[in-house]
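# A look at the structure
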Amino acid sequence: MSQLELLIDKLQCGHLKGLKPYESARRLFSGGQDWLNANESPFVGQFSLNTQKLNRYPDCQPKSVLSAYADYAGLTAEQLLVSRGADEGIELLIRAFCTPGRDRVLICPPTYGMYAISAETFNVGVDKAPLKADFSLDLEAMAGYRDKVNLVFICSPNNPTGTQVAGEQIEAALELFADSALVVVDEAYIEFASDTGWAKELVRFPNLVVLRTLSKAFGLAGIRCGFTLAAPAIIQVLLKAIAPYPLPEPVAQIAAQALSPKGLEWMREKVMLLNQLKTELTTQLNDIPAFTPVGDIQANFILVRAEQKQALMDYLVGRGILIRDQSKQVALNNCLRISIGDIEQNARLLAAIHTFYQEQA
Ligand SMILES: *Cc1c(COP(=O)(O)O)cnc(C)c1O
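To keep things clear, this report deals only with the structure shown in the data block. Fair warning: this is a prediction, and the values are worked out from it, not measured in the lab.

For the ligand, the set of nearby residues contains 13 residues, the closest of which are Ala86, Tyr189, Thr213, Ser215 and Lys216. Between an oxygen atom of the ligand and a side-chain N or O atom of Asn159, the distance comes to 2.9 Å. Tyr189 places a side-chain nitrogen or oxygen 2.6 Å from an oxygen atom of the ligand. Relative to its unbound accessible surface of 390 Å², the ligand loses 95% to contact with the protein. For the shell around the ligand, the element with the most residues is helix α4 (residues 85-97), which contributes three residues. In terms of residue class, the shell around the ligand is built from five nonpolar, four polar and four charged.

What follows is the structure, encoded as structure tokens:
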């Protein structure tokens, strides 16, 4: 070992030694033309930038963004925290409400990977109450973690199953953990879903936290802007842990434009279009004998179980078409997640899949 390697070995936090840098969709594949692997929007809006204020530090919580999102979500600004993506919201919740080396969080896999990754990064334990075979919550298993965890993460619509958790189940979870944990409902995909979500229930359930983002329906994954919705007392705790200037001024300007009446109209139009393309692509994929649909389509992606999964993945990558392998997740062997692209991307994907299976026959 070199001197630096020895030094790093001596100094690196013990709980980080076994971890690897997150394999985001972007890190896994950098080439390709059809990016259907990160649930991004294929559409991008138009924004303007005023550079006159760039010499100044930005607001920690820009009022223009907070008040616009408050109006959109039917809340007050005191119930909101804006951060560097919903991912930072997850991280802040863990840092603010879990003591490293002692406290634990509960997740319900198969689900979004960042809850466990964020917890592990801060030396916070991760307990699992896997979803049932129909991807509903296993409330009996969850009840076993009462008083043992500080945060419960529920993703609805869930990434990668596309299923929404029934209202009665979320309500039961909120009551189960009423005096012992915050229940975090991740609504990154709520704009695509048939259900309107939990923001309006914050007053009824003091231990409810809702996560939202501009990365999916709003087509703004590149600006890194997300929201944590919760009781003002919870938001006040998160504000102790957040960086002084989490939101760059250009991000705040673009977010405010995305949340303007015109921006919201653009978003709703694109969501309608993507939901229509999703229905079409679902029908077409279900016609492929080698595919079995898995879960539901309440978000902007489709999950399928595919015969010859690995060969198909490799074939698509060779054609610049990137989708996401979910087969390492519990109960999702041979499952692939396909984000809805624009008409041309979906057509190229479908044609490539057909050609692949014809060549195998
Ligand atoms: C994409 C995604 C996020 C991350 O949102 P960012 O605002 O881009 O950090 C959070 N939760 C789920 C379930 C997601 O799929």
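Having seen it, we continue.
This brings us to the pairing of strand β7 (residues 208-213). In terms of burial, β7 is a largely internal element, six of the six residues being buried. Neither face of β7 is open: one carries Leu208, Val210 and Arg212, the other Val209, Leu211 and Thr213, and all of them are buried. As paired strands, strand β6 (residues 182-186) and β7 are joined by four bridges and run parallel to one another. Residue Asp186 lies in a different strand from β7, and its bridge partner there is Leu211. Across four bridges, β7 lies against strand β8 (residues 226-229) in antiparallel orientation. Of the residues in β8, the one forming a bridge with Thr213 is Gly226.

The rules behind the values
Residues numbered from 1 in each chain as written. Predicted model: local features only at pLDDT ≥ 70, side-chain atom pairs only at ≥ 80, totals over all residues. Heavy atoms only, no water. Near = heavy atom within 4 Å. Polar contact = N/O pair within 3.5 Å; in protein donor to acceptor, adjacent residues only side chain to side chain. Areas by Shrake-Rupley, 256 points an atom, 1.4 Å probe, with all protein chains shown as cover. Helix = DSSP H or I, 4+ residues; strand = E, 2+ residues; numbered from the N terminus. Nonpolar A, V, L, I, M, F, W, Y, C, P; charged D, E, K, R; others polar. Buried < 20%, exposed > 50% of the residue type's maximum accessible area, 1.4 Å probe, protein only. Pairing = 2+ DSSP bridges.

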